[in-house]
Amino acid sequence: MTTSAPRTWTITPTPVGHPDAVVLLRGYLDELISRYYGRPALESEIVQEMGDGSDLVAPHGVLLVARDAGVLVGCAGLRWLSPEVGELTRVFVTAQARRGGGGARVVAAAEEAARAHGVGRVLLNTRKDLTEAIALYRRLGYRETDPYGDDPYAELWFAKNL
């Protein structure tokens, strides 16, 4: 599946270990960690949080990588929690690609991938300090729901029926 978006965006499933995926996932973690601690992320913290990405590899999930005219601009992951439920995770758009609808583009591509997988409901969690993400999810129709899972950083939980 490839999703094209305006401004020559392409969003494609990409192996977690692919160099492009690694660059984006490291950027995502660098920003999350830096915002959480209020200081630049340490390399050791990024490595610790990176994990092996097996939750975003078939049959457990998928990672989507976004490019604009070949330039890396974002990513989104989906985990399959059950045959009917997916979890949106690792939504990230580079600073240079923000403010042009990039977040909505990667989330829409993830929702399309979820539908193609037969998923009818998408869950996600986030932190309260990620106000831009919260606003995006609400704008895209995600509504607060009961807590789920064991993510120690989760403070808000959202769901959307596709």
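Model, not experiment: these values are computed from the prediction.

1. Comments concerning the overall build of the protein chain
Thought 1: Scanning the protein chain from terminus to terminus reveals four helices and eight strands.
Thought 2: For the protein chain, the α and β elements follow one another from N to C terminus as β-β-α-α-β-β-β-α-β-α-β-β.
Thought 3: Against the 2.2 N^0.38 benchmark of 15 Å for 162 residues, the protein chain shows a C-alpha radius of gyration of 15 Å, consistent with a compact globule.
Thought 4: Projected onto its principal axes, the C-alpha coordinates of the protein chain cover approximately 40 × 40 × 30 Å.
Thought 5: Here the protein chain holds 162 residues, and 47% of them are scored as buried.
Thought 6: Residue pairs in contact within the protein chain that sit at least 24 positions apart in sequence constitute 58% of those at least 6 positions apart.
Thought 7: In the structure as shown, the protein chain presents an accessible area of about 8300 Å², 55% of it carried by carbon and sulfur atoms.
Thought 8: Once the 18 positive and 20 negative side-chain charges of the protein chain are each reduced to a mean point, those two points are 7 Å apart.

2. What to know about the packing of aromatic side chains
Thought 1: Enumeration over the complete set of coordinates arrives at five aromatic pairs.
Thought 2: Where tyrosine 36 meets tyrosine 153, the ring centres are 5.2 Å apart and the plane angle is 85°; that geometry is what we call edge-to-face. With tyrosine 36 in helix α1 (residues 19–37) and tyrosine 153 in the loop between β7 (143–144) and β8 (156–161), the pair connects residues that are 117 residues apart, well separated along the chain.
Thought 3: On the basis of relative accessible area, tyrosine 153 is assigned to the partly exposed category, the value being 33%.
Thought 4: Taking NZ or CZ as reference, arginine 39 lies 4.6 Å from the ring centre of tyrosine 37, over its face.
Thought 5: Its guanidinium or amino end placed over the ring of tryptophan 9, arginine 105 lies 5.1 Å from that ring's centre, counting from NZ or CZ.

3. Thoughts on the pattern of salt bridges
Thought 1: Here the structure, examined in full by the defined rule, presents 12 salt bridges.
Thought 2: Note that arginine 67 is salt-bridged to aspartate 20, the shortest N-O span being 2.8 Å. Placement of arginine 67 in strand β3 (residues 61–68) and of aspartate 20 in helix α1 is noted, with a sequence separation of 47 residues between them.
Thought 3: Residue classification places aspartate 20 among the partly exposed residues on the basis of a relative accessible area of 22%.
Thought 4: Through salt bridges with shared partners, one network takes in Glu31, Arg35, Arg98 and Glu132.

4. What about the packing of α1 against helix α2 (residues 43–50)?
Thought 1: Closest axis-to-axis distance for the α1/α2 pair is 9 Å, and the angle between their directions is 115°. α2 is crossed by α1, and the crossing has right-handed handedness. Residues Val22, Leu25, Arg26, Leu29, Asp30, Ile33 and Tyr37 of α1 form the contact with α2, whose own contacting residues are Glu43, Glu45, Ile46, Val47, Glu49 and Met50.
Thought 2: The class makeup of the residues in the contact of α1 with α2 is eight nonpolar, no polar and five charged.

5. Some words on a nonpolar patch on the surface
Thought 1: Nonpolar side chains collect at one region of the surface, where Tyr36, Tyr37 and Tyr153 lie side by side and expose about 320 Å² of accessible area between them.
Thought 2: According to the relative accessible area criterion, tyrosine 36 is partly exposed, its value standing at 43%.

6. Some words on the nonpolar core
Thought 1: Counting residues in hydrophobic clusters, the biggest one holds 28 residues, and the most contacted among them are Trp9, Leu78, Leu88, Val106, Tyr137 and Tyr142.
Thought 2: At the level of elements, β2 (9–13), β3, β4 (71–80), β5 (85–93), α3 (102–116), β6 (121–126), α4 (131–139) and β8 are the ones that each hand at least two residues to this core.
Thought 3: A per-element tally of this core places α3 first, with six residues.
Thought 4: Residues Leu25, Leu29, Ile46 and Leu63 belong to the second largest nonpolar core, which totals 17 residues.

Conventions adopted
- Residues numbered from 1 in each chain as written.
- Predicted model: local features only at pLDDT ≥ 70, side-chain atom pairs only at ≥ 80, totals over all residues.
- Heavy atoms only, no water.
- Helix = DSSP H or I, 4+ residues; strand = E, 2+ residues; numbered from the N terminus.
- Rg over C-alpha atoms; globule rule 2.2 N^0.38 Å.
- Buried < 20%, exposed > 50% of the residue type's maximum accessible area, 1.4 Å probe, protein only.
- Contact = heavy atoms within 4.5 Å.
- Areas by Shrake-Rupley, 256 points an atom, 1.4 Å probe, with all protein chains shown as cover.
- Lys, Arg positive; Asp, Glu negative; His and termini not counted.
- Charge placed at Lys NZ, Arg CZ, Asp CG, Glu CD.
- Phe/Tyr/Trp six-rings, centres within 6.5 Å; stacked < 30°, edge-to-face > 60°.
- Lys NZ or Arg CZ within 6 Å of the ring centre and 35° of its normal.
- Salt bridge = Lys/Arg side-chain N within 4 Å of Asp/Glu carboxyl O.
- Axes fitted to C-alpha atoms, helices over the stretch in contact; angles between N-to-C directions.
- Left-handed = near helix turned anticlockwise from the far one by under 90°.
- Nonpolar A, V, L, I, M, F, W, Y, C, P; charged D, E, K, R; others polar.
- Patch = residues over 30% accessible without salt bridge, like charges linked within 9 Å, V, L, I, M, F, W, Y side chains within 5 Å.
- Core = buried A, V, L, I, M, F, W, Y, C linked by side-chain atoms within 4.5 Å.

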